[in-house]
Amino acid sequence: MENFTSFKNQIEDLANKILNQHNLRVYEINNFKDFESDVIQILVEDQTQPNKPLSFDTLLLVNEDLSTMMDDIKGIDNQYLLEVASAGIEKPIRNEKELVQAIDQYVHIEFHQMINKIKSLDGTIISYDEKDKTFKIAFFVKGQKKQIDFTWELIQQVRYAVKF
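Sequence order sets the numbering: in each chain, residues are counted from 1 along the sequence as written. For a predicted model such as this one, the threshold for reporting local features is a pLDDT of at least 70, and the threshold for listing and counting side-chain atom pairs is 80 or more; totals across whole chains, interfaces and linings nevertheless cover every residue. Values reported for side chains reflect all heavy atoms of the structure, with hydrogen atoms and water molecules removed beforehand.

**Focus on the pattern of salt bridges**
Part 1: A pair is scored as a salt bridge if a Lys or Arg side-chain nitrogen falls within 4 Å of a carboxyl oxygen belonging to Asp or Glu. Summed over the entire model, instances satisfying the criterion amount to seven salt bridges.
Part 2: A salt bridge links Glu 45 to Arg 25; its shortest N-O distance comes to 2.8 Å. With a gap of 20 residues between them, Glu 45 in strand S2 (residues 37-46) and Arg 25 in strand S1 (residues 24-34) connect regions that are remote in the sequence.
Part 3: Note that Lys 33 and Asp 38 form a salt bridge whose closest N and O atoms lie 3.6 Å from each other. Under the scheme used here, helices are H or I runs from DSSP no shorter than 4 residues and strands are E runs no shorter than 2 residues, and both carry numbers assigned from the N terminus.

**Some remarks on the domain arrangement of the chain**
Part 1: Domain ranges listed in this record stem from an automatic or a database domain assignment. Domain annotation for the chain reports domain 1 (3-86) and domain 2 (96-160).
Part 2: The centre of domain 1, based on its C-alpha atoms, is set 31 Å off from the matching centre of domain 2.
Part 3: The interface is formed by five residues belonging to domain 1 together with four residues belonging to domain 2.
Part 4: Buried area: the sum, over both parts, of the accessible surface (1.4 Å probe) that disappears when the two are put together. For the pairing of domain 1 and domain 2, the buried interface totals around 380 Å² over both sides, and the portion due to carbon and sulfur atoms is 43%.
Part 5: Linking domain 1 to domain 2 there are zero salt bridges.
Part 6: In protein, a polar contact requires one atom able to donate a hydrogen and another able to accept it; more generally it is a pair of N or O atoms within 3.5 Å, and residues adjacent in sequence count only if both atoms are side-chain atoms. Scanning the region where domain 1 abuts domain 2 turns up one residue pair in polar contact (both at pLDDT 80 or more). Contacts between residues were defined by any pair of non-hydrogen atoms, one from each residue, lying within 4.5 Å.

Given below as structure tokens:
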């Protein structure tokens, strides 16, 4: 879609107004072509529990409200499909603030370098020390419970994970 960046912020502001009524917020907005149609995709998450499963009925209501209100945004001249969806159960954690919100959540972390002979792990973020900006994660190695401390800078990639 031409000029998508020129009205992306308007879409985000409008979406957040509507989503706020349902205790949701925008996680990410994307624009892409799908079978020759322009798609505006709005991925959403819960405001207080970012990894909480979302109700299909709520997403449907938000989609309908947003679709009606987006007709008033100047600059969207082409026809498009609007997709409002959950950001997903294993979505990436993009910054330190989002990782702080993931306390008590199960995550998958890959580090830039080995920490205590560990390059990647799945575990539960158990705390964050604001003073020294250190996270603590609990995980298991061969049935033994372990914990390590790390900072955001040591992370190569982190995402929510499903515990089996």
